[in-house]
Amino acid sequence: MSILHITCSPRGRHSESYRLSQRILDRLIAAAGDSKPEIVEIDATALPHVDQDYAAALSASADPADDILARGALRQSAQLIQALQDATHIVIATPMHNFTVPSSLKVWIDHVVRVRSTFRITPEGKTGNLPDRPVYVAISSGGEFSSGAARQPDFLTPYLKHVLGTVGLQTVTFFSVEGTARGEDALQAARRRADADIAAHPSLAGQAHAW
Ligand SMILES: Cc1cc2nc3c(=O)[nH]c(=O)nc-3n(C[C@H](O)[C@H](O)[C@H](O)COP(=O)(O)O)c2cc1C
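Caption draft 1: Here's a closer look at the overall build of the chain. Of regular secondary structure, the chain possesses seven helices and seven strands. Listing the helices and strands of the chain from first to last along the sequence gives β-α-β-α-α-α-β-α-β-β-β-α-β-α. Relative to its length of 211 residues, the chain is compact, with a C-alpha radius of gyration of 18 Å against a globular reference of 17 Å. Here the C-alpha coordinates of the chain stretch approximately 55 × 45 × 35 Å along the principal axes. Counting the 211 residues in the chain, one finds 45% classified as buried. Residue pairs in contact within the chain that sit at least 24 positions apart in sequence constitute 78% of those at least 6 positions apart. Side-chain charges of the chain comprise 20 positive and 22 negative groups, with the mean position of each set lying 3 Å from the other.

Written as structure tokens, this is what we have:
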């Protein structure tokens, strides 16, 4: 098992989404038994935006020369795609920002959703080139977005499901701690609900590590 852990909060390891993603990792580690999984963590907040060469390459009908591919965002993109290809499981820790993914996660998406690499254009539209693997998304939000109590639209989960599906990642599961701005009691209750959802998920069943 090799887990790619993408972290997207400006609050880093102190963030609620990071905490929730650790619960998912605990389950995956426990499910792996004696074979300790490799965990590759990528801090999406440290990724630079795509650059001019990258934009030109993705708008052209063929890839540029090797020297251009080997520099800047094209090189960064190749490394991020390799990490995605190497993973057996993907865990994304993300806050909701302005009803959708934060800009850090969008930057990672822009680097890995790449024509002639992770997807191809067909008469039916964009078709993914990556083999499917489980993707778990740990979301934290200040208000609710998924329940009857929601007073805001959710452009995060449908967008992420669509864009990951574009590269072939169809098996996407969302967990969320919602209402983090509603005080300590609400936060604790939301954490308990999310932990229970994780524990109940069929592919995450098994003992969590006790640390
Ligand atoms: C720039 C920004 C935009 C935000 N937009 C939303 C939003 O649209 N909906 C929401 O429920 N919370 C929003 N929040 C609140 C965060 O989602 C919330 O604080 C979350 O718990 C942060 O998770 P983290 O600790 O993983 O970063 C926003 C926060 C920031 C910083």
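Caption draft 2: The arrangement of the site of the ligand in detail. Taken together, 16 residues are adjacent to the ligand, and Ser-9, Arg-11, Ser-17, Ser-140 and Thr-180 come closest. Here Phe-99 contributes a backbone N or O atom positioned 2.8 Å from an oxygen atom of the ligand. Relative to its free-state accessible area of 650 Å², the ligand is covered by the protein chains to the extent of 72%.

Caption draft 3: Quick peek at the pattern of salt bridges. Evaluated as defined, the whole model comprises eight salt bridges. Across the pair Glu-41 and Arg-13 runs a salt bridge, and its minimum N-O distance is 3.2 Å. Here the residue Glu-41 occupies a position in strand S2 (residues 38–43), and Arg-13 occupies one in the loop between strand S1 (2–7) and helix H1 (16–31), the gap between them amounting to 28 residues. According to the relative accessible area criterion, Glu-41 is partly exposed, its value standing at 32%. Beyond isolated ion pairs, a larger network of salt bridges with shared partners links Glu-16, Arg-19, Arg-191 and Asp-195.

Caption draft 4: Up close: the pairing of strand S3 (residues 89–95). Among the seven residues of S3, seven are classified as buried, and the element is accordingly described as predominantly covered. Pairing of S1 with S3, which is carried by five bridges, proceeds in the parallel orientation. Bridge pairing in S3 places Ile-6 opposite Ile-92. Bridging between S3 and strand S6 (residues 135–141) involves six bridges; their strand directions are parallel.

Caption draft 5: Representation of the sheet that holds strand S7 (residues 172–178) in the model. Within the open sheet, the five strands sit side by side as S2-S1-S3-S6-S7. Their pairing is parallel. Only two strands of the sheet have a single neighbouring strand rather than two, namely S2 and S7. The sheet shows a mean angle of 15° between the axes of neighbouring strands, taken without regard to direction. Taken together, the seven bridges between S6 and S7 define a ladder with parallel strand orientation. Across the sheet, Val-135 pairs through a bridge with Val-172, a residue of S7.

Caption draft 6: Region of interest: the nonpolar core. In this structure, Leu-4, Ile-92, Trp-108, Leu-160 and Leu-164 are the most contacted members of the largest nonpolar core, which totals 35 residues. In this structure, Leu-164 is in contact with Ile-92, Trp-108, Val-135, Leu-169 and Val-172, ignoring residues within four places of it in sequence. Counting 15 residues, the second-largest nonpolar core is a separate cluster that includes Ile-3, Leu-20, Ala-138 and Phe-175.

What counts as what
- For every chain, the first residue of its written sequence is number 1, and the numbers climb from 1 along that sequence.
- Only residues with pLDDT of 70 or above have their local features reported here, since the model is predicted, and side-chain atom pairs are shown and tallied only from 80 upward, although totals for entire chains, interfaces and linings are computed over all residues.
- The basis for every side-chain value is the complete set of heavy atoms in the structure, and neither hydrogens nor water enter the calculation.
- Comment: elements are numbered from the N terminus, with helices defined as DSSP H or I runs of at least four residues and strands as E runs of at least two.
- Radius of gyration here uses only the C-alpha atoms, and the compact-globule reference equals 2.2 Å multiplied by the residue count raised to the power 0.38.
- The rule is simple: take the accessible area with a 1.4 Å probe, protein chains only, and divide by the maximum for that residue type; under 20% is buried, over 50% is exposed, in between is partly exposed.
- Should any heavy atoms of two residues lie within 4.5 Å, those residues are considered in contact.
- None of His or the chain ends enter the tally, which takes Lys and Arg as positive and Asp and Glu as negative.
- The atom standing in for a charge is NZ when the residue is Lys, CZ when it is Arg, CG when it is Asp and CD when it is Glu.
- Note on terminology: near, applied to a residue and a molecule or strand, indicates that one of the residue's heavy atoms is within 4 Å of it.
- Think of a polar contact as two N or O atoms within 3.5 Å of one another; within protein, one of them needs to be a possible hydrogen donor and the other a possible acceptor, and neighboring residues in sequence only count if both atoms come from side chains.
- For accessible areas, the Shrake-Rupley method is used with a probe of radius 1.4 Å. Any residue's cover is judged against the shown protein chains and nothing else.
- Basic side-chain nitrogens of Lys or Arg form a salt bridge, by our definition, when they fall within 4 Å of a carboxyl oxygen of Asp or Glu.
- DSSP-based pairing: two strands are paired if at least 2 bridges between them are found.
- What counts as an axis is a line fitted to C-alpha atoms, over the stretch in contact for a helix, and the angles between N-to-C directions run from 0 to 180 degrees.
- Here, the term nonpolar core denotes a set of buried Ala, Val, Leu, Ile, Met, Phe, Trp, Tyr and Cys residues that are joined through side-chain atoms within 4.5 Å.

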